[in-house]
Amino acid sequence: MKIREFLSGRVRAAMTAAGLPEELPPMVAPSKGPQFGDYQANCAMGAAKRLKANPRELAAKIVDALELGGVAEKLEIAGPGFINIHLDPTWLGRQVEETVVAASGLLDPAPEKQTVVVDYSSPNLAKEMHVGHLRSTIIGDALARVLEAQEHDVIRQNHVGDWGTQFGMLITHLEDRREETDAAVALSDLEQFYRESKQRFDEEEGFADRARANVVKLQSGDPHCTALWQQFIDISVAHSEEIYQKLNVTLSHKDIKAESAYNEDLPGIVESLQQQDLAVEDLGAQAVFLDELADKKGNVTPIIVQKSGGGYLYATTDLAAVRHRCHDLHADRVLYFIDARQSLHMKQVFALSRRAGFATEHCSLEHHPFGTMMGEDGKPFKTRSGGTVKLSELLDEAVERAARLLQEKGSDLSADKQAEVARKIGIGAVKYADLAKTRTNDYIFSWEAMLSFEGNTAPYLQYAYTRIQSIFAKAGVDPTELAGDIRLEAEQEKALALKLLQFNETVDLVAAEAYPHLLCNYLYELASLYMKFYEACPILRSDVEPLQRESRLLLCQAVARTLAQGLDLLGIEVMERM
Ligand code: ARG
């Protein structure tokens, strides 16, 4: 049930009945406070201006024609012509029962099914995944989950970097190391391996030349170099998959569409650009100058699509990827979750894809950038000694910290259970702390803040969920077998019901704008309203009548289901007890 959509339809019909032009919007929104009703329709003022009429009179006409019998208990006209809609608690209770408690799924499928490609995570395989990959991986995964839950066709694309000159250096080092040990051992620490290779490349006589020669061989399909490269890639991919599993991220190896997968398409991309007179020679390279990318002074930064030596670039591969996604995968939308520092690159790729026809006209290409994760000193997050923080170590630390916290709080769970709960809390905390921040801003990474059981954190929401489960346990009821009616009497009950019914609208917004923090805010508000309800409305106390007790248990169940599903959309797990 989407109340706003439903009311908008009714208000618009009333506007028609009152003779107002079709193009005027009903302007229905949740009210700013309970004194203004639950929803407001603010259409009368705009309409009055257009028609040079009195807004309060227009509002009265709309209210007269408004068919909300059984839905609203009261309609009022306030101020210059606001229409305040007070919803009927019986109707609200029934909506919660039908669409939150009894429905098999809480989310309505999208009215129009789309094919959506989500490009996320996409680490460079030359190195181990580090904190810089966290944001793309978890924000992208949340969006993939949201869109899938709305029954869109979601195609995950992990555009991993597995090509380019660095790999010449890496396979040359691997070639040497393999003489003493096997590849798995040599590559057990990718970071270390990368450092050694780089040092040899910079310092060792003859190494750089061998590395360069090996890149050329690799690019021309030499079997020996290809085998070395493949070994390296396989181990690096396995490492990423381990991280995805730890992180509860839905990516698997079948979602990998690596940069190298586009190798054969690159000459055709450049050729096509030349044929369309888009690419021109510039200092021996192939470059495209697009007027629409000019700065204020009229200067255009060229997009280089082929280097003077014949090599292709990051942008060339991305053009091939757009073409594949639009023409082979038939995407209606392509979402890119990449650092804000690549904004110009994406702008160039999108503009050129449109001009060259690599993008289909109807396809929406969207770069959803994000800011940087900062340390508590306000500088980009680093280890104490100033190195990059490995993602696997960060996640292990999160789980360890959560385990310690559980011990301090005196959890009475078995050791196994405690370990499982610690994992869910630790990983959930890291993910939620990131997802809850407005994506486009930088944010400060703080263990204390993210693991707190108070405030807008994963542990707070997980705790709210377990509290509800413990009520069911205490009452000795199976929440899926509750029967009866939801009767909203206290104001806290009504506020909670209203919030529950706004879940779908919130998820719609997240899907449209790719802002997971909107869902986090929603869940936090829901949990906070639940706590208020819990304090004001006794459930299991002996003086609570059976019908009221049943009704309140049903509300608890509606909240629990919404919290669990909302967190699941963010890739965060709940537990029965903690
Ligand atoms: N591998 C790139 C990096 O680490 C990110 C790739 C993002 N996706 C893309 N289609 N360009 O910076």
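Everything here concerns the structure above.
A brief structural summary.

Criteria and cut-off values
- Residues numbered from 1 in each chain as written.
- Predicted model: local features only at pLDDT ≥ 70, side-chain atom pairs only at ≥ 80, totals over all residues.
- Heavy atoms only, no water.
- Core = buried A, V, L, I, M, F, W, Y, C linked by side-chain atoms within 4.5 Å.
- Buried < 20%, exposed > 50% of the residue type's maximum accessible area, 1.4 Å probe, protein only.
- Helix = DSSP H or I, 4+ residues; strand = E, 2+ residues; numbered from the N terminus.
- Contact = heavy atoms within 4.5 Å.
- Phe/Tyr/Trp six-rings, centres within 6.5 Å; stacked < 30°, edge-to-face > 60°.
- Pairing = 2+ DSSP bridges.
- Axes fitted to C-alpha atoms, helices over the stretch in contact; angles between N-to-C directions.
- Salt bridge = Lys/Arg side-chain N within 4 Å of Asp/Glu carboxyl O.
- Polar contact = N/O pair within 3.5 Å; in protein donor to acceptor, adjacent residues only side chain to side chain.
- Expected span 1.5 Å × (residues − 1).
- Near = heavy atom within 4 Å.
- Nonpolar A, V, L, I, M, F, W, Y, C, P; charged D, E, K, R; others polar.

1. As for the nonpolar core
Taken as a class, soluble globular proteins show a tendency for nonpolar side chains to be buried jointly.
Part 1: Ranked by internal contacts, the top residues of the largest apolar core, which has 127 residues, are Leu-87, Leu-394 and Leu-570.
Part 2: Counting residues per element, this core draws most heavily on helix H21 (residues 546-569), at 10 residues.
Part 3: Excluding residues within four positions of it along the chain, Leu-87 makes contact with Ile-3, Leu-7, Asp-38, Tyr-39, Val-71, Ala-72, Glu-73, Leu-92, Lys-494 and Leu-498.
Part 4: Ranked by size, the runner-up nonpolar core spans 33 residues in total, among them Tyr-262, Val-305, Ala-331 and Ala-356.

2. Points about the packing of aromatic side chains
Part 1: Under the counting rule described, the total for this entry stands at 12 aromatic pairs.
Part 2: Here Phe-167 and Phe-232 contribute two aromatic rings whose centre-to-centre distance is 5.9 Å and whose plane-to-plane angle is 85°, an arrangement assigned as edge-to-face. Here Phe-167 is found in helix H6 (residues 166-177), whereas its partner Phe-232 is found in helix H10 (residues 223-246), with 65 residues between them in sequence. For the pair formed by Phe-167 and Phe-232, the shared burial category is buried.
Part 3: Judged by centre distance (5.2 Å) and plane angle (55°), the rings of Tyr-336 and Phe-350 are tilted.

3. Here's the deal with the sheet that holds strand S3 (residues 72-78)
Part 1: Taken together, the four strands give an open sheet; going across it, the order is S1-S2-S4-S3, and neighbouring strands pair in antiparallel fashion. Pairing within the sheet leaves two strands with one partner each, and these edge strands are strand S1 (28-30) and S3. Sheet twist, expressed as the average angle between the axes of neighbouring strands with direction ignored, equals 25°.
Part 2: Two strands pair when backbone bridges link them, and S3 and strand S4 (residues 82-87) are joined in this way by six bridges, in the antiparallel orientation. If you follow Ala-72 over to S4, its bridge partner there is Leu-87.

4. Looking at the pattern of salt bridges
Once the charged atoms of two side chains with opposite charge are near each other, the side chains can pair.
Part 1: Summed over all chains, the structure comprises 34 salt bridges.
Part 2: Here Arg-177 makes a salt bridge to Glu-180, at a shortest N to O gap of 2.9 Å.
Part 3: For Glu-180, a relative accessible area of 59% gives the class exposed.
Part 4: One salt bridge connects Lys-499 with Glu-525, and the closest N-O pair in it is separated by 2.5 Å.

5. Focus: the side chain of Ser-197
Part 1: For Ser-197, the location among the structural elements is in helix H8 (residues 190-203).
Part 2: A polar atom in the side chain of Ser-197 sits 2.7 Å from the backbone oxygen of Phe-193.

6. Things to note about H10
Part 1: Here H10 contains 24 residues, and its C-alpha end-to-end distance of 34 Å stays within 8% of the 34 Å for a straight helix at 1.5 Å per residue.
Part 2: Every buried residue of H10 is listed here: Cys-225, Leu-228, Trp-229, Phe-232, Ile-233, Ser-236, Val-237, His-239, Ser-240, Ile-243 and Tyr-244.
Part 3: On its buried face, H10 is in contact with helix H5 (134-149), H6, H8, helix H9 (207-219) and helix H14 (391-408).
Part 4: N-cap assignment for H10: the residue whose side-chain oxygen lies 3.3 Å from the backbone N of His-224 is Asp-222.
Part 5: Just downstream of H10 lies Asn-248, where phi reads positive at about 55°.

7. Thoughts on the site of the ligand
Part 1: Near the ligand, the surroundings consist of Asp-119, Ser-122, His-159, Tyr-314, Asp-318, Tyr-336, Ile-338 and Gln-342.
Part 2: Side-chain polar atom of Asp-119 to a nitrogen atom of the ligand: 2.8 Å apart, as the coordinates give it.
Part 3: Contacts to the ligand include Ser-122, whose backbone N or O atom sits 2.9 Å from a nitrogen atom.
Part 4: Counted by class, the shell around the ligand contains three nonpolar, three polar and two charged residues.

8. Considerations on the sheet that holds strand S7 (residues 279-282)
Part 1: Pairing is antiparallel across the open sheet formed by three strands, whose spatial order is S7-S8-S9. The open sheet has two free edges, formed respectively by S7 and strand S9 (303-306), since each of these has just one partner strand. The average undirected angle you get between the axes of adjacent strands in this sheet is 45°.
Part 2: With four bridges joining them, S7 and strand S8 (residues 285-288) adopt antiparallel strand pairing.

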